[in-house]
Amino acid sequence: MLSNNIYFIMTCFVVKKMYKIAICDDEKIMCEYLQKKVSEILTQWEILFSITCYTDALDLLNTPLCYDLMLLDIQMPHLDGIALAQKIRAQSEKCELIFITILKEYVLYAFEVEALDYIYKPIEQKRLENALKRAIKHYQKENKGILIQNKNCYQTIKLEEIYYCEVMNRKLYLHLQHDVIEYYGKLQEIQKQLDKRFLKCHRSYIVNMDYIKKYESPIITMQNGEKVPVSRLQQKEFIEKMLYYIKGREI
């Protein structure tokens, strides 16, 4: 029986986010067209958003760059879209980038700046919807979290912050990159609050597959250098699910 002053409450939540979007195309008509299409799609999905249009890449570059998503043309005066994206990436790693252009020869450069998509003009409605859906899904994934209560202290932990979960002597340990949160609980209870990136690899451990650096049977090495065991009975299932997850993440 737990003591009266140490207990926990755990719920799952998703923060309602306002998405800040920038559109940059030197043709004003195209900017307005994209703004209209993106607005229609996100309104239909009941997504909160704001859109700012730019017809000069330098004007966009001179802003604080606090955008969640940018739709960029490539062929623009003063600064082309690829060079613009490189400068954006130097300042913001989290912003999602989508190129919308008539130029097919720059598609390889899009990978270098980790663009979410590369859409050719004229724009196909379904292709634009899919790109926006992937961007929204990425941020929704980041905003999922759990609320824990230990003694009289409440704390929110985002799922993306958790590297792995461990249970030992009736206590749960949430291992973050440089910290460990502990409280009383059961592994099966937190497992219900996690999403598909988390996989139980041992009766005492659940790992976040996003942070697996390597696996050398029977040990997982996480990106922060910590080691997690995989039980003999779960090795086959662990490998299959990990490979399936990695394949799905790359689509």
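Residues numbered from 1 in each chain as written. Predicted model: local features only at pLDDT ≥ 70, side-chain atom pairs only at ≥ 80, totals over all residues. Heavy atoms only, no water.

### Observations regarding the sheet that holds strand β2 (residues 18-24)
Spatially, β3-β2-β4-β5-β6 is the arrangement adopted by the 5 strands of the open sheet, whose pairing is parallel. This sheet does not close on itself; its edge strands, each paired only once, are β3 (48-54) and β6 (117-120). Going from strand to strand, the sheet's axes swing by 20 degrees on average, the running direction of each strand aside. Across 4 bridges, strand β4 (residues 69-72) lies against strand β5 (residues 96-101) in parallel orientation. Its bridge partner lying in β5, L69 is registered against E96. (Pairing = 2+ DSSP bridges. Helix = DSSP H or I, 4+ residues; strand = E, 2+ residues; numbered from the N terminus. Axes fitted to C-alpha atoms, helices over the stretch in contact; angles between N-to-C directions.)

### Topic: empty space enclosed by the protein
Considering all chains together, one arrives at 1 cavity of 30 Å³ or more under this definition. Taken as a whole, the largest cavity spans an internal volume of roughly 60 Å³. In terms of lining, the largest cavity is formed by Y19, I21, L42, D68, L69, L132, A135, I136 and Y139. Looking at the lining of the largest cavity, the elements with two or more residues in it are β2 and α5 (125-143). Examining the composition of the lining of the largest cavity, we find that 4 residues originate from one element, α5, more than from any other. Taken together, the residues that form the lining of the largest cavity break down as 8 nonpolar, no polar and 1 charged. (1 Å grid on protein atoms, 1.4 Å probe; cavity = no way out; pocket = protein on both sides within 12 Å on 5 of 7 lines; lining within 4 Å. Points joined across faces, edges and corners; volume = space filled by probe spheres on them. Nonpolar A, V, L, I, M, F, W, Y, C, P; charged D, E, K, R; others polar.)

### Overview of the sheet that holds strand β12 (residues 198-202)
A sheet is described by the order of its strands in space; here 5 strands give the open sequence β11-β10-β9-β13-β12, paired in antiparallel fashion. In this open sheet, the two strands that pair with only one neighbour each are β11 (180-184) and β12. Geometrically, the sheet is characterised by an average inter-axis angle of 25 degrees between neighbouring strands, direction not taken into account. Sheet topology places β12 next to strand β13 (residues 205-208); 4 bridges connect them, and they run antiparallel. Looking at β13, one finds that K200 is bridged to I206.

### A closer look at the pairing of β12
Within β12, 4 of the 5 residues are buried, which leaves it mostly tucked inside the rest of the structure. Where β12 folds back on β13, the antiparallel hairpin that results is connected by 2 residues. (Buried < 20%, exposed > 50% of the residue type's maximum accessible area, 1.4 Å probe, protein only.)

### Observations regarding the side chain of E96
Within the secondary structure, E96 sits in strand β5. Buried and unpaired, E96 has no salt bridge, with R89 as the nearest side chain of opposite charge at 5.1 Å. Those residues in contact with E96 that sit more than four places away from it in its chain are D68, L69, M70, L116, A135, H138 and Y139. (Lys, Arg positive; Asp, Glu negative; His and termini not counted. Salt bridge = Lys/Arg side-chain N within 4 Å of Asp/Glu carboxyl O. Contact = heavy atoms within 4.5 Å.)

### Quick word on the nonpolar core
Within the largest apolar cluster, 25 residues are counted, with the highest numbers of intra-cluster contacts made by C24, L60, M70, L72, L84, L97 and F99. Contributions of two or more residues to this core are made by β2, α2 (57-61), β4, α3 (81-91) and β5. Ranked by residues supplied to this core, first place goes to α3 with 5 residues. For C24, the residues in contact, after removing those within four places along its chain, are C31, Y54, D56, A57, L60, L71, L72, D73, M76 and L84. Formed by 24 residues, the second largest nonpolar core is a distinct cluster that contains I51, L69, L116 and Y139. (Core = buried A, V, L, I, M, F, W, Y, C linked by side-chain atoms within 4.5 Å.)

### Side note on unusual backbone geometry
A cis amide bond links K121 to the next residue, P122, at an omega of 0 degrees. If you trace the backbone, P122 turns up in the loop between β6 and α5. In this structure, the amide linkage connecting S217 to the following residue, P218, adopts the cis form with an omega of 0 degrees. A positive phi angle is found at N169, which is not glycine, with a value near 50 degrees. You can see N169 is positioned in the loop between β9 (164-168) and β10 (171-175). N169 sits in the exposed class, given a relative accessible area of 69%.

### A short note on α3
The periodicity of an α-helix, 3.6 residues per turn, causes residues three or four positions apart to be oriented the same way. Here α3 has its buried residues at G81, I82, A83, L84, A85, I88 and R89. If you follow the buried residues of α3, they end up packed against β2, α2, β4, β5 and α4 (107-112).

### So, the packing of aromatic side chains
Applying the stated criterion across every chain, the model contains 8 aromatic pairs. Where Y54 meets Y67, the ring centres are 6.4 Å apart and the plane angle is 85 degrees; that geometry is what we call edge-to-face. Placement of the pair is Y54 in strand β3 and Y67 in the loop between α2 and β4, with a sequence separation of 13 residues. You can call Y67 buried: its relative accessible area is 10%. An aromatic cluster is defined as three or more aromatic residues linked by ring pairs; in this entry it consists of F99, Y118 and Y120. The aromatic ring of Y67 is capped on one face by K20, whose charged end is 5.7 Å from the ring centroid. A cation over a ring is seen here: K104 above Y120, with NZ or CZ 5.3 Å from the ring centre. (Phe/Tyr/Trp six-rings, centres within 6.5 Å; stacked < 30°, edge-to-face > 60°. Lys NZ or Arg CZ within 6 Å of the ring centre and 35° of its normal.)

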